[in-house]
Amino acid sequence: MVGLQEYITSPHNPSIKRIKMLHHKKYRDVYRQYLVEGVKMVKEAVEQGESIWALVAARGFDLLGFKEQLDVDMDGLKVLRVEDKLFSSISDTQTPQGIMAVVNKKEYSLEGLFSKPSFFIAVLDQIRDPGNLGTIIRTLDAAGGDGAVLLKGCTDPYSPKVVRSTMGSIFRVPIYEVDDHIAFFKALIQAKVHILVSHLHGSNLFEWPGGYDKIALVIGNESEGVRQEICRFASSLVKIPMPGSAESLNASVAAGILIYEVLRKSRQLGP
């Protein structure tokens, strides 16, 4: 058995309408849900124990074969079986694989994070490119970071493009969305967090000494950098030295260098 199955043929079905709405940020915020698509990503969502509102499978998709690939039981999940053309109409990809999941967003508390004796978070200021944001989240996952804080002005981390580019890291990296950045940075200072800001006029990143238990690394977009009103909260300003001819780095590439160097000095990832 593969859970409670409902067969849907009409585009006017309430569940289909809801899924279509989730392609828009407004309704992802309203329903506190987002879409995950493709065999690998859906498999990972199920095996990671994500709270899933429903699996959606095209009529021609081999659901029994998919179940056999799983390391966990999916019998308790609600499954919506839809006509292949209908599935294509609700998919965000050009070549749909025939399987998606409606996932409930996790809720994370900044107060809980601040109470920890040590942590490393990346604070993202106006990262608008979905690929860059997804890659940064994936890098945090790989490096063992404790979360990503998205200040107002960042692209939606739960958009289909960002979710795809995280390659499953969206399930493991806590995401905190902050509207009032001034209050947030004041809370960081109160919690005795070292605020490390990437800045063109900062000191050499590789000469930064490290040695802090609580670190918030602030990263801006490649065209504007971190806003000046945020820089005034910095404990340290650092930059990536570029002895070559390039004037800037891609935001996700720069973030990767910053994240690994900061964690290397705080958690001894390498020599």
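So, a few notes on the structure that sits alongside this text. (Residues numbered from 1 in each chain as written. Predicted model: local features only at pLDDT ≥ 70, side-chain atom pairs only at ≥ 80, totals over all residues. Heavy atoms only, no water.)

### Thoughts on the overall build of the protein chain
Counted only if it meets this: Elements are defined by DSSP. Helices are runs of H or I of four residues or more, strands are runs of E of two residues or more, and each kind is numbered from the N terminus. In this treatment the radius of gyration is a C-alpha quantity, and the globule benchmark scales as 2.2 Å times the residue count to the 0.38 power. The Shrake-Rupley method, run with a 1.4 Å probe sphere, supplies the accessible areas, and residue values consider only the shown protein chains as cover. Positive charge is attributed to Lys and Arg, negative charge to Asp and Glu, and no charge count is given to His or to the chain ends. Here the site of a charge means NZ on Lys, CZ on Arg, CG on Asp, or CD on Glu.
Looking only at helices and strands, the protein chain has 11 helices and 11 strands in total. Relative to the 2.2 N^0.38 estimate, which gives 18 Å for 271 residues, the radius of gyration of the protein chain is 21 Å and therefore close to what a compact globule would have. Viewed in the frame of its principal axes, the protein chain has a C-alpha envelope of about 60 × 35 × 35 Å. Summing over all exposed atoms, the protein chain offers an accessible surface of approximately 13,000 Å²; the carbon and sulfur share of this is 50%. With 32 positive and 31 negative side-chain charges, the protein chain shows a spacing of 3 Å between the two charge centroids.

### Section: the pattern of salt bridges
Just so we agree on the cut-off: Throughout this description, the term salt bridge denotes a Lys or Arg side-chain nitrogen within 4 Å of a carboxyl oxygen of Asp or Glu. Relative accessible area decides the class of each residue, using a 1.4 Å probe on protein chains only: under 20% of the type maximum gives buried, over 50% gives exposed, and in between gives partly exposed.
Tallied over the entire structure, the rule returns 15 salt bridges. Two residues, glutamate 50 and lysine 106, come together in a salt bridge whose shortest N-O distance is 3.0 Å. A residue pair is termed long-range when its members are at least 10 positions apart, and glutamate 50 in the loop between helix 3 (39-47) and strand 3 (52-58) and lysine 106 in the loop between strand 5 (99-104) and helix 6 (110-114) qualify at 56 residues. On the basis of relative accessibility, which here comes to 33%, the residue lysine 106 falls in the partly exposed class. When the shortest N-O distance is used, the salt bridge between glutamate 261 and arginine 264 registers 3.0 Å. Of this pair, glutamate 261 and arginine 264 are both found in helix 11 (residues 251-267), three residues apart, which corresponds to roughly one turn of the helix. By relative accessible area, glutamate 261 is classed as buried at 7%.

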